[in-house]
Amino acid sequence: MPPQIAPLTSLRFFAAILVVVHHAMDYSSAPIHLEMIRKGGVAVDFFFILSGYILTHVYAPRAYQREGFVRNFIVARFAKIYPIHIFTLLLLLFFVIASKIVGISVNEDRFTASAFFAHVALLTAWGVTDQMTWNFPAWSISAEFTAYLLFPALVLIPFKGSARKALCLLALCWLAFGSWFHLATRTIDFGVARIIPEFLGGMLLYRAMSTTKSTPYAEAQFLVASVLIILGLIFGVSEVWFPLAFGWIIAVAPSLQGPLGRILSHRTLVNLGEESYSLYMIHIFIFTIIYGALRTKHLAVLASAPHVCDLLAIAAAIFAARLSHRMIEIPAQTWIRQRLSTKPSASRLAAQKALG
């Protein structure tokens, strides 16, 4: 398997924390002074593009040379996303049941039975609900799984030398039609239409960059792209432009060799990046508990310092993500893959051994 690209793994944490802070402000009583927090949801586009890029990096070179590739790929992706998805959903179900038992009111429109089963079936990016429900960031997991189902077919497309042209054409189509069809802001309202061009863009980006031995002035390009993203967030630039800047970041990050490369390859940041999926999935449950508790009379005094409460809630989400990553995500992923993946046949193993 190709080696991990450490800077890209670390960047996952920064994208996840932007989403987390964005959602914290939905719960917080603190006034929002930064436009970049309101726009924090665009970080999801980073994950969609990165997903196409990394999966192509890992699987494209010898995709169909491996026995049972399609099954093993789907099993691997299911094992990656589903255990934490169900775990956080069950935590919220327990919270709703416990709240009703003790007489605490909950948002009945958010916690409906039909929406619960839509989450279980990974259908929340298909327009089956008309509002955010349960663990609402999971709409993107529904969209991701759709892209995973398409990947075994998309990876067969032999772009080769035409990858750059196809990528440019896709970017132009995105700019031309993205605003018209509101692609960059779709979530539960057919968020699959948002991920497909971005996921494909990530795949094309990898193929285009794989023919380049090195990226000149990678750190300068990375800094310029980062500044443009920050300025875009601060000044409220249209969401349709962010995927282009995210693609630029993803394209140059693997070539970082200087101080930035060393920072983004530091084990602490890489670990946080590896835990970013758990953070993305569990933070809504943590916020529901913490901010719900702050509304009680026993903790009302803490609510008078909302920024402190926000920092504590975010820190608690990061800590819970570390626990769930180590205790739920990794063990469940290993267990599912060991039981559902196809093992190479004896003839295939013998042929591989003969080839050395």
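Residues numbered from 1 in each chain as written. Predicted model: local features only at pLDDT ≥ 70, side-chain atom pairs only at ≥ 80, totals over all residues. Heavy atoms only, no water.

Student: Mind showing me how you'd approach the nonpolar core here?
Tutor: Nonpolar side chains tend toward joint burial in soluble globular proteins. Counting 98 residues, the largest nonpolar core has F46, F151, F222 and F287 as the members making the most contacts within it. Here this core takes twelve residues from helix α1 (residues 6–27), the largest share from any one element. (Core = buried A, V, L, I, M, F, W, Y, C linked by side-chain atoms within 4.5 Å. Buried < 20%, exposed > 50% of the residue type's maximum accessible area, 1.4 Å probe, protein only. Helix = DSSP H or I, 4+ residues; strand = E, 2+ residues; numbered from the N terminus.)

Student: Mind showing me how you'd approach the packing of aromatic side chains here?
Tutor: For any two aromatic rings, the description comes down to two numbers: the centre-to-centre distance and the angle of the planes. Applying the stated rule across the entire model yields 27 aromatic pairs. On the numbers, 6.0 Å between centres and 75° between planes, the contact of F46 with F47 is edge-to-face. Per residue, the accessibility class of F46 equals that of F47, and both read buried. Measuring from ring centre to ring centre gives 4.6 Å for F78 and Y82, while their planes differ by 20°; the resulting arrangement is stacked. With a gap of four residues between them, F78 and Y82 both fall in helix α4 (residues 69–102), about one helical turn apart. Within the aromatic cluster, the residues linked to one another by ring pairs are Y59, F69, F73, F78, Y82, F145, Y148, F151 and F199. Of note, R77 hangs over the ring of Y148, and the distance from its end group to the ring centre comes to 5.0 Å. (Phe/Tyr/Trp six-rings, centres within 6.5 Å; stacked < 30°, edge-to-face > 60°. Lys NZ or Arg CZ within 6 Å of the ring centre and 35° of its normal.)

Student: Teacher, can you tell me more about the pattern of salt bridges here?
Tutor: Close approach of charged atoms lets side chains of opposite charge pair. All chains considered together, the criterion is met by seven salt bridges. The salt bridge partner of R194 is D45, with a shortest N-O separation of 2.8 Å. Taken together, the residues span a long stretch of sequence, with R194 in helix α8 (residues 192–210) and D45 in helix α3 (residues 43–59) at a distance of 149 residues. Neither residue differs from the other here; R194 and D45 are each classed as buried. Notably, a salt bridge pairs E274 with R267, separated by 3.1 Å at the nearest N-O pair. (Salt bridge = Lys/Arg side-chain N within 4 Å of Asp/Glu carboxyl O.)

Student: Hey, could you run me through α3 in this one?
Tutor: For α3, with 17 residues, the first-to-last C-alpha span of 24 Å sits near the 24 Å given by 1.5 Å per residue. For α3, the buried fraction is high: 16 of the 17 residues fall into the buried class. (Expected span 1.5 Å × (residues − 1).)

Student: What is the right way to read the confidence of the model for the protein from this model?
Tutor: Note that predicted coordinates carrying low pLDDT should not be read in detail. Here the protein averages 87 in pLDDT, while 89% of its residues score no lower than 70. Within the protein, helix α12 (residues 267–274) carries the highest mean pLDDT (96), whereas helix α15 (residues 346–354) carries the lowest (43). A low-confidence stretch, residues 347–356 stays under pLDDT 50, and its non-local contacts, those more than four residues away or across chains, total four contacts. (pLDDT = per-residue confidence, 0-100. Contact = heavy atoms within 4.5 Å.)

Student: Is there a simple way to think about the layout of surface pockets in this case?
Tutor: The method is simple in principle: a probe with the dimensions of a water molecule rolls over the atoms, and the space it marks as empty is what remains. Its boundaries defined by the atoms lining it, the largest pocket holds a volume of some 1,000 Å³. Around the largest pocket sit 35 residues that line it, and R12, I54, L55, R77 and K80 are the ones nearest its centre. For the lining of the largest pocket, the secondary structure elements donating two or more residues are α1, α3, α4, α6 (139–154), α13 (276–294) and α14 (306–340). Examining the composition of the lining of the largest pocket, we find that ten residues originate from one element, α3, more than from any other. For the lining of the largest pocket, the class distribution of residues is 19 nonpolar, nine polar and seven charged. (1 Å grid on protein atoms, 1.4 Å probe; cavity = no way out; pocket = protein on both sides within 12 Å on 5 of 7 lines; lining within 4 Å. Points joined across faces, edges and corners; volume = space filled by probe spheres on them. Nonpolar A, V, L, I, M, F, W, Y, C, P; charged D, E, K, R; others polar.)

Student: What is the right way to read the environment of R267 from this model?
Tutor: Secondary-structure assignment places R267 in helix α12. Within the structure, R267 has its side chain in polar contact with the side chain of E274 (distance 3.1 Å). (Polar contact = N/O pair within 3.5 Å; in protein donor to acceptor, adjacent residues only side chain to side chain.)

Student: Looking at this structure, how should I read a nonpolar patch on the surface?
Tutor: Taken together, the side chains of V227, I230, L231, I234, F235, V237, W241 and L244 present a nonpolar region at the surface, about 720 Å² in accessible area. Looking at the nonpolar patch element by element, the count peaks at four residues for helix α9 (residues 218–234). Looking at where W241 falls in the secondary structure, it is placed in the loop between α9 and α10 (242–252). (Patch = residues over 30% accessible without salt bridge, like charges linked within 9 Å, V, L, I, M, F, W, Y side chains within 5 Å. Areas by Shrake-Rupley, 256 points an atom, 1.4 Å probe, with all protein chains shown as cover.)

Student: Looking at this structure, how should I read unusual backbone geometry?
Tutor: With the exception of glycine, most residues fall at negative phi, and the peptide bonds are largely trans. A positive phi angle, near 55°, is found at H182, a position not held by glycine. Mapped onto the secondary structure, H182 falls in the loop between α7 (163–177) and α8. The residue Y217 is not glycine, and still its phi comes out positive at about 55°. As for its position among the elements, Y217 is in the loop between α8 and α9. Using a relative accessible area of 70% as the deciding quantity, one classes Y217 as exposed.

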